[in-house]
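Residue strings, one per chain:
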Amino acid sequence: MRWVRNLFGLAELCLESVCPLCQRSTARVLCCDCQQRLYCLRLAGSEQGWQPPLPVLAWGAYGGALKRAIAALKYEQQTRLAQPLGHELAQLWLNFAASKKKSLMVVPIPLHAAKQQQRGFNQAELIAKAFCQHTGLPLQSHGLIRSRSTEAQFGLSATAREHNLAGAFELGEPFKTKSPQAVLLLDDIYTTGATARAAAYTLRRHQISVYGIVVVARALSSVRTEA
């Protein structure tokens, strides 16, 4: 009957949410158009930086819809975006690098406690949870702590970023009692790499092997600089 069909139609409409990037109605986290815009920013294997001293695997180029999605996650409380971003990054890892090493523990880059309290969450940790759900790798959210509040990295030169992060990280309590065999760092964005190098240095200083870092987005300038 027509009223039954109308009722089911209304129920389907109520189950739909709003795409956080374009505000269109969608049954998924992102609408099809925004999802396609994200896919256009995926990096090819030749654009990756999986090489010493700190290998980097990035899902996409930092710009356009991907930059907008990360900003919405971090600054607009759109935490549900962590799920698709984490799952896409996980699929990349499974396709590209999972066969390289099995016994890895995932450690998200931490925020300072005051900043995390202000924001309400650590976006890298949320992405890491989705990443680990899909890859099956273990997660240790407290392997590192950010013991010193630092100036925002945006707008700083590469040298200033390095100085800004010197001594900013410390080993977390879980790793003080039992060190993992190897760590895979995870973050939302990789620009100059100063944050990743500072985190890796802290772990390596305590004889913890850092296999590399996986990130949702990477500034293409960082790829060209390291090439």
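An account of the accompanying structure is given in this report. The structure presented is a predicted model; accordingly, all values stated were derived computationally and were not measured.

1. Some words on the sheet that holds strand E8 (residues 209–218)
Part 1: Spatially, the 4 strands line up as an open sheet ordered E3-E8-E7-E4, and their pairing is parallel. If you trace the sheet from one side to the other, it starts and ends with strand E3 (56–61) and strand E4 (105–108), each paired once. Taking the axes of each pair of neighbouring strands and ignoring which way they run, one obtains an average angle of 20° across the sheet.
Part 2: Examined bridge by bridge, E4 and strand E7 (residues 182–190) share 4 bridges and lie parallel to one another. Each bridged residue has a counterpart across the sheet, and for Pro108 the counterpart in E7 is Leu186.
Part 3: Contacts between helix H6 (residues 123–135) and the sheet are confined to E4, E7 and E8, with E7 contributing the most and set at about 125° to the helix.
Part 4: Helix H9 (residues 194–205) rests against E7 and E8 of the sheet, and its axis sits at about 165° to E7.

2. Digging into the side chain of Lys74
Part 1: Along the polypeptide, Lys74 turns up in helix H3 (residues 64–75).
Part 2: Under the relative-accessibility criterion, Lys74 is labelled buried at 13%.
Part 3: If we skip the residues at most four places from it in the chain, Lys74 touches Arg119, Phe121, Gln123, Asp188 and Ile189.

3. Structural notes on unusual backbone geometry
Part 1: For the bond from Pro52 to Pro53, the omega torsion is 5°, close enough to zero to count as cis.
Part 2: Considering the arrangement of structural elements, one finds Pro53 in the loop between helix H2 (32–39) and E3.
Part 3: A positive phi angle, near 70°, is found at Gln23, a position not held by glycine.
Part 4: By secondary structure assignment, the location of Gln23 is in the loop between strand E1 (17–18) and strand E2 (25–26).
Part 5: The phi torsion at Gln77 lies on the positive side, around 60°, for a residue other than glycine.
Part 6: Locating Gln77 in the fold gives a position in the loop between H3 and helix H4 (82–96).

4. What to know about the packing of aromatic side chains
Part 1: Counted under the stated rule, the structure contains 4 aromatic pairs.
Part 2: Judged by centre distance (6.2 Å) and plane angle (50°), the ring pair of Tyr39 and Trp59 falls under tilted. Of this pair, Tyr39 sits in helix H2 while Trp59 sits in strand E3, placing them 20 residues apart in sequence.
Part 3: A residue is classified by how much of its surface remains accessible, and Trp59, at 6% relative accessible area, is buried.
Part 4: Among the aromatic residues, those joined into a ring-pair cluster are Trp50, Trp93 and Tyr211.
Part 5: Just above the ring of Tyr39 sits the side chain of Arg42; from NZ or CZ to the centre is 4.5 Å.

5. Side note on H4
Part 1: Between the first and last C-alpha of H4 there are 21 Å, a value that for 15 residues agrees with the 21 Å anticipated at 1.5 Å per step.
Part 2: Among the residues of H4, Ala82, Pro84, Leu85, Gly86, Leu89, Ala90, Leu92 and Trp93 are the ones counted as buried.
Part 3: Contacts made by the buried residues of H4 are with E3, H3, H6, E7 and E8.

6. Some details on the packing of H4 against H6
Part 1: It is at 7 Å that the axes of H4 and H6 come closest, and there the two elements cross at 45°. Classified by the angle between their axes, H4 and H6 sit oblique to one another. For the pair H4 and H6, the sense of crossing is right-handed. For the pair formed by H4 and H6, the contact residues are Ala82, Gln83, Gly86, His87, Leu89, Ala90, Gln91, Trp93 and Leu94 on the first element and Leu126, Ile127, Ala130, Phe131, Gln133, His134 and Thr135 on the second.
Part 2: In the contact of H4 with H6, the residues fall into 9 nonpolar, 7 polar and no charged.

7. Digging into the pairing of E3
Part 1: Along E3, 6 of the 6 residues are buried, which leaves the element largely enclosed by surrounding structure.
Part 2: Judged from the 5 bridges that link them, E3 and E8 form a sheet pairing that is parallel. Within the sheet, the bridge partner assigned to Leu57 lies in E8 and is Val214.

8. Quick notes on the pattern of salt bridges
Part 1: Taken as a whole and assessed by the stated rule, the structure comprises 4 salt bridges.
Part 2: Among the ionic pairs, Asp33 bridges to Arg24, the shortest N-O distance being 2.7 Å.
Part 3: Arg24 gets classed as partly exposed once you look at its relative accessible area, which sits at 40%.
Part 4: A salt bridge links Asp188 to Lys74, with the shortest nitrogen-to-oxygen separation between them at 3.3 Å. You can see Asp188 sitting in strand E7 and its partner Lys74 sitting in helix H3, a full 114 residues away along the chain.

Parameters and conventions
Residues numbered from 1 in each chain as written. Predicted model: local features only at pLDDT ≥ 70, side-chain atom pairs only at ≥ 80, totals over all residues. Heavy atoms only, no water. Pairing = 2+ DSSP bridges. Helix = DSSP H or I, 4+ residues; strand = E, 2+ residues; numbered from the N terminus. Axes fitted to C-alpha atoms, helices over the stretch in contact; angles between N-to-C directions. Contact = heavy atoms within 4.5 Å. Buried < 20%, exposed > 50% of the residue type's maximum accessible area, 1.4 Å probe, protein only. Phe/Tyr/Trp six-rings, centres within 6.5 Å; stacked < 30°, edge-to-face > 60°. Lys NZ or Arg CZ within 6 Å of the ring centre and 35° of its normal. Expected span 1.5 Å × (residues − 1). Parallel < 35°, antiparallel > 145°, perpendicular 65-115°, else oblique. Left-handed = near helix turned anticlockwise from the far one by under 90°. Nonpolar A, V, L, I, M, F, W, Y, C, P; charged D, E, K, R; others polar. Salt bridge = Lys/Arg side-chain N within 4 Å of Asp/Glu carboxyl O.

Bear in mind that shape data such as this cannot, by itself, settle questions of function.
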